[in-house]
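Residue-level structural notes
These are the residues of each chain, in order.
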Amino acid sequence: FQLYGYCYQDSNDIPDTLTTITELGSPLEMIQLLQTSWEDRFRICLSLVRLLHYLAHSPLGSVTLLDFRPRQFVIVDGELKVTDLDDASIEESSCTSNSDCFMEFPARNFTLPCSVEGRCQSMNEKRNLYNAYRFFFTYLLPHSAPSSLRPLLDKIVNATGNRNKHGKAKEFLFYPSPPVNSEFTQKCVKSANTKYRRVPEAFIPDENYRCWPSYHHKGCLLSVFDVSEAIEICDSYSQCKAFVLTNQTTWTGRQLVFFKMASNHIMPDPDKITYVKVTD
C-alpha cells in the first residue's frame, strides 16, 4: 500500500498511537469481481502473488495475515492491496514435535515439520498461501478462463490448495499468452479473406448486443490476441455480423474489439478497422 504520510502520537489519553495516510482504494466485492473479465481477475491474482512473495521475504521476516479475508483488501487501479495490518504477525509458532505444527482450516488440515530450532517451518508463508487459495484463487482463476490456459490454471490452483510454495503458483509472475500455432493462424487469416470484408478507418456506432464478460455494459467489448481470435469469437455468436478493432489495449496488451449485430451504418474513424461478415 502506498504510504503518503504518518503521525505518531503519545499522550496520556492515547498512548503510542500511529496514524497513517495511504492511497484510496475501492472495497473488494467478490460478486462484482466475478462479473468482470477473466483478464482483470487474473491481474488481481497476479498482484496477490506478488504480495504473498513480499510477505514471505519482508525486511521483518516472514509475515502472516491472521485475518486473511477479502474485506481486508482494496482495489487500486486494478491491483489488489492489503489495507488492514492490525492482525499481521511475524511470530513463527514454536514447537517440540510435528504435532505442534497443526494447521486447521474449514475444509482441510495440514501438519508442518518442526525444525531443529523449535519452530514450525514456513507456517506463516503457508498459512497466507492457503488462505489466498480458498478466498481468491479458487473463485477468480478458473471461472471463464481461456480454454488454452485451463490445464495450467488447474495446476496452479491445485498447487496453492496443497500449500506447495515451490509449485505452479510462481508461474503467475509471467503472463502466459495463449499458444498460437502458425498453421492455425494461417487458416484463420485465410478464413478472414473469404468470410470477412476488411473496411479500414471505419466504425459501427450502433448495432450493439450484450455479451458476457464485456468491458462495456451496453455492448459486447472483448479483448483479443489478434484478428484470428476476433473471427473465432464472432463466429461463436449467432448474432455477430461484424466487429471493430479499436486502438485500445488491456493491461496485457490484448486489443479491445467491439462485436456488432449488423453493419448497416458504417462511419469513418481513422483509429478503427471494421470487419464485416460476408453473406452468400
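So, a few notes on the structure that sits alongside this text. As the structure is a computational prediction, the values presented were derived from the model and not from experiment.

1. What about the overall build of the protein?
- Along the protein, the regular secondary structure elements total six helices and 14 strands.
- Counting every position in the protein, which comprises 280 residues, the buried fraction comes to 42%.
- Considering only residue pairs separated by 6 or more positions, the protein has 62% of its internal contacts joining residues 24 or more positions apart.
- Accessible surface for the protein amounts to roughly 16,200 Å². Of this, 51% is attributable to carbon and sulfur atoms.

2. What to know about helix α3 (residues 123-140)
- Look at α3: 25 Å from first C-alpha to last across 18 residues, which is about the 26 Å you get at 1.5 Å a residue.
- The axis of α3 is deflected most strongly, by about 45°, at Y133.
- Where burial is concerned, most of α3 is hidden: 15 out of the 18 residues are buried.

3. Quick look at the pattern of salt bridges
- Tallied over the full model, the rule gives eight salt bridges.
- For K195, the salt bridge goes to D235, with nearest N and O atoms at 3.2 Å. Here K195, found in helix α5 (residues 182-195), pairs with D235, found in helix α6 (residues 227-236); they are 40 residues apart in sequence, far enough to count as distant.
- Look at K195 and you get partly exposed, because its relative accessible area is 33%.
- Among the charged side chains, a salt-bridge network with shared partners connects E39, E229 and R254.

4. A short note on the pairing of strand β13 (residues 255-260)
- Buried residues dominate β13, accounting for five of its six residues.
- Sheet analysis places strand β11 (residues 220-224) next to β13, joined by five bridges and oriented antiparallel. Paired with V224 across the strands is Q255, a residue of β13.
- Bridge count between strand β12 (residues 242-249) and β13: five bridges; the pairing is antiparallel. For T249, the partnering residue across the bridge sits in β13 and is Q255.

5. Looking at the packing of helix α2 (residues 38-56) against α3
- Here α2 crosses α3 at 175°, and the two axes come no closer than 11 Å. It follows that α2 is roughly antiparallel to α3 by the angle criterion. Residues W38, R41, I44, C45, L48, V49, L52, L55 and A56 of α2 pack against E125, N128, L129, A132, F136, F137 and L140 of α3.
- Considering only residue class, the contact of α2 with α3 consists of 13 nonpolar, one polar and two charged.

6. Notes on the state of the cysteines
- All chains considered together, the criterion is met by four disulfides.
- The disulfide partner of C95 is C114, and the gap between their sulfur atoms is 2.1 Å. Between C95 and C114 the disulfide shows an S-S torsion of about 95°. By sign, it is right-handed. With C95 in the loop between β7 (88-89) and β8 (102-104) and C114 in the loop between β9 (109-111) and α3, this pair connects stretches of sequence that are 19 residues apart.
- Residue classification places C95 among the buried positions, given a relative accessible area of 10%.
- Given the relative accessible area of 19%, C114 is considered buried.
- With its disulfide-bonded cysteines labelled consecutively along the sequence, the protein is connected as 1-3, 2-4, 5-6, 7-8.

7. Concerning a nonpolar patch on the surface
- On the surface, a cluster of nonpolar side chains totalling about 480 Å² of accessible area is made up of L3, Y6, Y8 and L18.
- Residue contributions to the nonpolar patch peak at three residues, all from strand β1 (residues 3-9).
- Here Y8 shows up in strand β1.

Conventions used here
- Residues numbered from 1 in each chain as written.
- Predicted model: local features only at pLDDT ≥ 70, side-chain atom pairs only at ≥ 80, totals over all residues.
- Heavy atoms only, no water.
- Helix = DSSP H or I, 4+ residues; strand = E, 2+ residues; numbered from the N terminus.
- Buried < 20%, exposed > 50% of the residue type's maximum accessible area, 1.4 Å probe, protein only.
- Contact = heavy atoms within 4.5 Å.
- Areas by Shrake-Rupley, 256 points an atom, 1.4 Å probe, with all protein chains shown as cover.
- Expected span 1.5 Å × (residues − 1).
- Bend = angle between axes of the 7 residues up to and from the residue.
- Salt bridge = Lys/Arg side-chain N within 4 Å of Asp/Glu carboxyl O.
- Pairing = 2+ DSSP bridges.
- Axes fitted to C-alpha atoms, helices over the stretch in contact; angles between N-to-C directions.
- Parallel < 35°, antiparallel > 145°, perpendicular 65-115°, else oblique.
- Nonpolar A, V, L, I, M, F, W, Y, C, P; charged D, E, K, R; others polar.
- Disulfide = S-S within 2.5 Å.
- Patch = residues over 30% accessible without salt bridge, like charges linked within 9 Å, V, L, I, M, F, W, Y side chains within 5 Å.

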